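# Working through the structure, step by step
These are the residues of each chain, in order.
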Amino acid sequence: MSNKKYSAGLVSQGFWFYELKQYIELLQEGKTEAEIQKLSEEIQALSSKIVARNETLKNQARNAQKNASATSYINTILNSKSVSDAINRVQAIREVVAANKKMLDEQEADKAAIEQKQAENQEAINTVAANKATIEQNQAALATQQAELQAAQLDLSAQLAT
């Protein structure tokens, strides 16, 4: 058995190729390098937020399962030393729940934003491809018309010569 080390070089080249292809297509569409860079940074930032939130949510879910969350909330309230302590604890629990809900809402919004930006990129790529196909068709039609014109000119010069 050989002792070859794993290298992600070829895998990363595939990602670089895809990014380069998108970059070229966006340039052909007329986007500036600054616009492309900004869009790329926005997608990267949103992706980072999503990954970080996913980890936080996984940890919270794991902790909730381990600590029997609903029972823990009830015990927290029942173990209060006074009514005002119970009210403070309920308020703290409410804030934690609200923060979790806000985090889930942000997660969904960021996922939707990434999907929208990726769709915009794909739409731009499709537009470039369609424009390229139209140009190729126009070039073929132009070549045909030029050949017909040359044939007509040769016929005319042959008629004038006789």
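To be clear, the structure that these remarks concern was listed above.
These notes cover the structure that comes with them. (Residues numbered from 1 in each chain as written. Predicted model: local features only at pLDDT ≥ 70, side-chain atom pairs only at ≥ 80, totals over all residues. Heavy atoms only, no water.)

## Here's the deal with the overall build of the protein chain
Filter applied, for reference: A run of H or I in DSSP becomes a helix once it reaches four residues, and a run of E becomes a strand once it reaches two; helices and strands are each numbered from the N terminus. Summary of the burial criterion: residues with accessible area below 20% of their type's maximum are buried, those above 50% are exposed, and those between are partly exposed, where the area comes from a 1.4 Å probe applied to protein chains only. It only takes one pair of heavy atoms within 4.5 Å for two residues to be counted as in contact. In these tables, accessible area is a Shrake-Rupley quantity obtained with a 1.4 Å probe, and a residue counts as shielded only by the protein chains included in the view.
Each helix and strand in the protein chain was counted, giving four helices and zero strands. Overall, the protein chain shows an N-to-C arrangement of helices and strands of α-α-α-α. Buried residues in the protein chain amount to 15% of all 162 residues. Long-range pairs, those at least 24 residues apart, make up 72% of the contacts in the protein chain with a sequence separation of at least 6. Of the roughly 13,000 Å² of accessible surface on the protein chain, 57% is carried by carbon and sulfur atoms.

## Remarks on the side chain of Lys-117
Put simply, the rule reads: For this analysis, a polar contact is any N or O atom pair within 3.5 Å, provided that within protein one partner can donate a hydrogen and the other can accept it, and provided that sequence-adjacent residues contribute only side-chain to side-chain pairs.
Mapped onto the fold, Lys-117 is located in helix 4 (residues 83–161). On the basis of relative accessibility, which here comes to 18%, the residue Lys-117 falls in the buried class. One polar contact links Lys-117 to Glu-42, side chain to side chain, over a distance of 2.7 Å. If we ignore the near neighbours within four places in the chain, the residues touching Lys-117 are Leu-39, Glu-42, Ile-43 and Leu-46.

## Description of the side chain of Arg-53
With respect to the helices and strands, the residue Arg-53 is situated in helix 2 (residues 33–66). At 3.0 Å, the side chain of Arg-53 forms a polar contact with the side chain of Gln-107. Beyond its immediate chain neighbours, meaning those up to four positions away, Arg-53 contacts Met-103, Glu-106, Gln-107 and Asp-110.

## A short note on the environment of Gln-118
Structurally, the position occupied by Gln-118 is in helix 4. As for Gln-118 and Ile-43, which are separated by 75 residues in sequence, their C-alpha atoms are 8.2 Å apart.

## Focus on the pattern of salt bridges
We apply this condition: Put simply, a salt bridge is a Lys or Arg side-chain nitrogen that is within 4 Å of an Asp or Glu carboxyl oxygen.
This model, assessed by the stated rule, comprises five salt bridges. Glu-42 serves as the salt-bridge partner of Lys-38, at 4.0 Å between the closest nitrogen and oxygen. Separated by four residues within a single helix, Lys-38 and Glu-42 lie in helix 2, roughly one turn from each other. Owing to a relative accessible area of 26%, Glu-42 belongs among the partly exposed residues under this scheme. One network of salt bridges, in which partners are shared, links Lys-38, Glu-42 and Lys-117.

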